[in-house]
Amino acid sequence: MIRSLSKLLAVSLIIISTISIIAQEADAPAATTPAPDGVDKYALDPASEYSTADRPEDNYLARFHALDKIERLQKANLDQIFVLNVIKENFKDKGWGGDYDKVYEGYKKAMDLYYRREPIYSAVKLEENKKHINQLYQKVSNEYKKETIEMLNLCATHILELTLQANTASNPNSNRRLFDQILRLRVAYGEVDNAEEARVKRQYHTSVLYYRIAKKYAIAILEDVKPDEYIGKYQVHKADNKNRILEGETTASEVIDRKEDAKKDIDESSRPESY
């Protein structure tokens, strides 16, 4: 009996010692393996950048929500980054290249974590990437607002000049041209109002799209009212409004002849109907 109790006590001591050693090993900091050349250390061990207080939760439910967030943000962020690339290339003088590179690299980092099967940290980085995207769109929106208002002020000035011409009120053709431009101007200002509403909600990407529409109407007014002065002046804005990077030069005859056609149309519409 005493021998059996001794064996039981010895086995218990061995088990307790083993558990203690395992616990100490678990609490000890893991040995850091140097990252291979060209591989970010964060990609190998994303948890290393966080204290235990700030480290995101990593459990089944957290992974489920992270995967849902990744599914939404990976496409939404990429679509907005594509538009930012077009804007950055069209307006290189605005100095948005550095901000764009930060956004681009942030997206790459987030997706790299996803492909390395780290959904928790991928979702966190996609959220951060979304914030940086919105910050850059705010800068773009501020500039687009300024450009749009300047264009619409020019439109209002030229429409006023057309209104004050002696034959506009009495000539049906000139009056029709004036009416068309006023309608365009009203629509353009409506889009500006929509952009301002989006800015209040901090939806700067949406505001940029509204400003593009407003600029499209403004350019159409200016080119119709003063073709000599404005046709060919806003090429980069016209390409940008179509979400394209400006490249090449147009040689199509119908486009080249547009200036002369517009001048001819203005001349004919200013004549009396019985001419």
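Here the structure is a predicted model, which is why all the values come from computation and not from measurement. (Residues numbered from 1 in each chain as written. Predicted model: local features only at pLDDT ≥ 70, side-chain atom pairs only at ≥ 80, totals over all residues. Heavy atoms only, no water.)

Asks: Just to check I follow, could you spell out the overall build of the chain for this structure?
Replies: On a plain count of helices and strands, the chain comes out with eleven helices and zero strands. Secondary structure elements of the chain, listed N to C terminal, follow the sequence α-α-α-α-α-α-α-α-α-α-α. (Helix = DSSP H or I, 4+ residues; strand = E, 2+ residues; numbered from the N terminus.)

Asks: Would you explain the layout of surface pockets in this entry?
Replies: If a probe as big as a water molecule is rolled over the atoms, it shows which places are left empty. The space that makes up the largest pocket amounts to roughly 560 Å³. When contributions to the lining of the largest pocket are tallied by element, the ones reaching two or more residues are α9 (235–241) and α10 (253–256). Sorting elements by how many residues they give to the lining of the largest pocket places α9 first, with three residues. Of the residues assigned to the lining of the largest pocket, the class counts are six nonpolar, four polar and seven charged. (1 Å grid on protein atoms, 1.4 Å probe; cavity = no way out; pocket = protein on both sides within 12 Å on 5 of 7 lines; lining within 4 Å. Points joined across faces, edges and corners; volume = space filled by probe spheres on them. Nonpolar A, V, L, I, M, F, W, Y, C, P; charged D, E, K, R; others polar.)

Asks: Whenever I open this one, the packing of helix α3 (residues 60–90) against helix α4 (residues 97–115) confuses me. Can you help?
Replies: Two packed helices can be described by the angle between their axes and the distance between those axes. Their axes nearest at 11 Å, the elements α3 and α4 cross at an angle of 155 degrees. On the basis of their axis angle, the class for α3 and α4 is roughly antiparallel. Crossing handedness for the pair α3 and α4: left-handed. Here Leu67, Ile70, Gln74, Asn77, Leu78, Ile81, Leu84, Asn85 and Lys88 of α3 lie close against α4, whose contacting residues are Gly97, Tyr100, Val103, Tyr107, Met111 and Tyr114. (Axes fitted to C-alpha atoms, helices over the stretch in contact; angles between N-to-C directions. Parallel < 35°, antiparallel > 145°, perpendicular 65-115°, else oblique. Left-handed = near helix turned anticlockwise from the far one by under 90°. Contact = heavy atoms within 4.5 Å.)

Asks: Teacher, can you tell me more about the packing of aromatic side chains here?
Replies: Pairs of aromatic rings are described using the distance from one ring centre to the other and the angle between the two planes. For the coordinates displayed, the defined rule picks out four aromatic pairs. A ring pair is formed by Tyr114 and Tyr115, whose centres lie 5.4 Å apart and whose planes are at 55 degrees; its orientation type is tilted. (Phe/Tyr/Trp six-rings, centres within 6.5 Å; stacked < 30°, edge-to-face > 60°.)

Asks: Would you mind going over the packing of α3 against helix α7 (residues 204–225) with me for this structure?
Replies: Contact geometry of α3 with α7 gives a least axis separation of 12 Å together with a crossing angle of 50 degrees. The angle between the axes of α3 and α7 places the two elements in the oblique class. Once α3 is placed against α7, the crossing between them reads as left-handed. Seen from α3, the contacting residues are Gln80, Val83, Val86 and Ile87; seen from α7, they are His205, Val208 and Arg212. Classifying every residue of the contact of α3 with α7 gives four nonpolar, two polar and one charged.

Asks: So what exactly am I meant to see when it comes to the environment of Val140 here?
Replies: For Val140, the location among the structural elements is in helix α5 (residues 119–164). Not counting residues within four places of it along the chain, the set of residues in contact with Val140 comprises Leu84, Ile87, Trp96 and Val208.

Asks: Can you walk me through the pattern of salt bridges in this structure?
Replies: A side chain with one charge may pair with a side chain of the opposite charge, provided their charged atoms come close. One pass over the full model with this rule turns up 17 salt bridges. The salt bridge partner of Arg184 is Asp224, with a shortest N-O separation of 2.5 Å. Of this pair, Arg184 sits in helix α6 (residues 172–200) while Asp224 sits in helix α7, placing them 40 residues apart in sequence. Look at Asp224 and you get partly exposed, because its relative accessible area is 23%. Sharing partners across several salt bridges, the network here consists of Lys94, Glu143, Glu147 and Lys215. (Salt bridge = Lys/Arg side-chain N within 4 Å of Asp/Glu carboxyl O. Buried < 20%, exposed > 50% of the residue type's maximum accessible area, 1.4 Å probe, protein only.)

Asks: Which parts of the structure should I look at to understand α6?
Replies: Each α-helix turn comprises 3.6 residues. Residues three or four places apart therefore point the same way. The terminal C-alpha atoms of α6, which comprises 29 residues, lie 42 Å apart, in line with the 42 Å expected from a rise of 1.5 Å per residue. Positive phi shows up at Arg202, right after α6, with a value of about 65 degrees. (Expected span 1.5 Å × (residues − 1).)

Asks: Please clarify how the environment of Ile159 should be interpreted in this entry.
Replies: Mapped onto the elements, Ile159 comes out in helix α5. Residue classification places Ile159 among the buried positions, given a relative accessible area of 6%. Taking the C-alpha atoms as reference points, Ile159 and Val225, 66 residues apart in sequence, are found 7.9 Å from one another. Setting aside residues up to four positions removed in sequence, Ile159 forms contacts with Leu178, Gln181, Ile182, Leu185 and Ile221.

Asks: Quick question: what am I supposed to make of the environment of Trp96 here?
Replies: Here Trp96 lies in the loop between α3 and α4. Sequence-wise, Trp96 and Leu136 are 40 residues apart; in three dimensions their C-alpha atoms are separated by 7.9 Å.

Asks: Quick question: what am I supposed to make of unusual backbone geometry here?
Replies: As a rule of thumb, non-glycine residues mostly have phi less than zero, and peptide bonds are mostly trans rather than cis. In this structure, Arg117 is a non-glycine residue whose phi angle is positive, near 65 degrees. Despite not being glycine, Asn243 shows a phi value in the positive range, around 60 degrees. Summarising the element assignment, Asn243 is placed in the loop between α9 and α10. The class for Asn243 is partly exposed, based on a relative accessible area of 24%.

Asks: What should I look at first to understand the nonpolar core in this one?
Replies: What tends to happen in soluble globular proteins is that the nonpolar side chains get buried as a cluster. Leu84, Ile87, Leu126, Tyr137, Val140 and Tyr144 are the most contacted members of the largest nonpolar core, which totals 46 residues. Those elements that place two or more of their residues in this core are α3, α4, α5, α6 and α7. At 14 residues, α5 tops the list of elements feeding residues into this core. Other than its neighbours up to four places away in sequence, Tyr144 contacts Ile87, Phe91, Val208, Tyr211, Arg212, Lys215 and Asp240. (Core = buried A, V, L, I, M, F, W, Y, C linked by side-chain atoms within 4.5 Å.)

Fair warning: the whole summary comes from geometry, so function is off the table for now.
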